[in-house]
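Here is what each chain is made of, one letter per residue.
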Amino acid sequence: MAKALLVQAGGLGAVTKAVEDLGGFDQQYEQIEKVSAHHGNFWEVLLYGQIGRDRAVMFDLAEKLEFTETSEDRRVLDALTHAMRHQGARGEWRRTSSTGT
């Protein structure tokens, strides 16, 4: 029994060491989130870190470019207009329902 516990403890130590060698548990959880987001078509999680770093550049570029819709669907241009109108806002984004809650 003692030998089995020693083998089990060594196995857990090996797993912990392997995870630490790959950047630690926090980094691995972040990678798991990205993979889950990719497979769940939840792309906002994938862009979150990138958007924060390039926010000012993206708004500067959007102000210099002229955008034209290529179909009757204006949702992308409306979203861009909304984002530019609120580009100075800071804080966590929270999705609300269509009823405003």
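Residues numbered from 1 in each chain as written. Predicted model: local features only at pLDDT ≥ 70, side-chain atom pairs only at ≥ 80, totals over all residues. Heavy atoms only, no water.

**Quick notes on the overall build of the chain**
Right, so step 1: Scanning the chain from N- to C-terminus turns up four helices and zero strands.
Right, so step 2: Starting at the N terminus, the α and β elements of the chain follow one another as α-α-α-α.
Right, so step 3: Taking all 101 residues of the chain together, the buried fraction comes to 6%. (Helix = DSSP H or I, 4+ residues; strand = E, 2+ residues; numbered from the N terminus. Buried < 20%, exposed > 50% of the residue type's maximum accessible area, 1.4 Å probe, protein only.)

**Remarks on a nonpolar patch on the surface**
Right, so step 1: On the surface, F25, Y29 and I32 cluster together to form a nonpolar patch covering roughly 320 Å² of accessible area.
Right, so step 2: Inspection of the secondary structure puts F25 in helix α2 (residues 25-39).
Right, so step 3: On the basis of relative accessible area, F25 is assigned to the partly exposed category, the value being 36%. (Patch = residues over 30% accessible without salt bridge, like charges linked within 9 Å, V, L, I, M, F, W, Y side chains within 5 Å. Areas by Shrake-Rupley, 256 points an atom, 1.4 Å probe, with all protein chains shown as cover. Salt bridge = Lys/Arg side-chain N within 4 Å of Asp/Glu carboxyl O.)

**Comments concerning the pattern of salt bridges**
Right, so step 1: Applying the stated criterion across every chain yields a total of four salt bridges.
Right, so step 2: Here R75 ties to D73 by a salt bridge, and the two come within 2.6 Å at their closest N and O atoms.
Right, so step 3: With a relative accessible area of 39%, D73 lands in the partly exposed category.
Right, so step 4: Here R74 makes a salt bridge to D78, at a shortest N to O gap of 3.5 Å.
Right, so step 5: The partly exposed category is assigned to D78, whose relative accessible area is 42%.
Right, so step 6: When salt bridges with common partners are traced through the structure, they connect E69, R74 and D78 into a single cluster.

**Section: the confidence of the model for the chain**
Right, so step 1: On average, residues of the chain score 75 in pLDDT, and 61% of them are at 70 or above.
Right, so step 2: Taken element by element, the chain is modelled with least confidence in helix α1 (residues 2-21), mean pLDDT 69, and with most confidence in helix α4 (residues 75-85), mean pLDDT 90. (pLDDT = per-residue confidence, 0-100.)

**Focus: the environment of S71**
Right, so step 1: For S71, the location among the structural elements is in the loop between α3 (43-64) and α4.
Right, so step 2: Judged by its relative accessible area of 42%, S71 is partly exposed.
Right, so step 3: A distance of 3.2 Å separates a polar atom in the side chain of S71 from the backbone nitrogen of D73. (Polar contact = N/O pair within 3.5 Å; in protein donor to acceptor, adjacent residues only side chain to side chain.)

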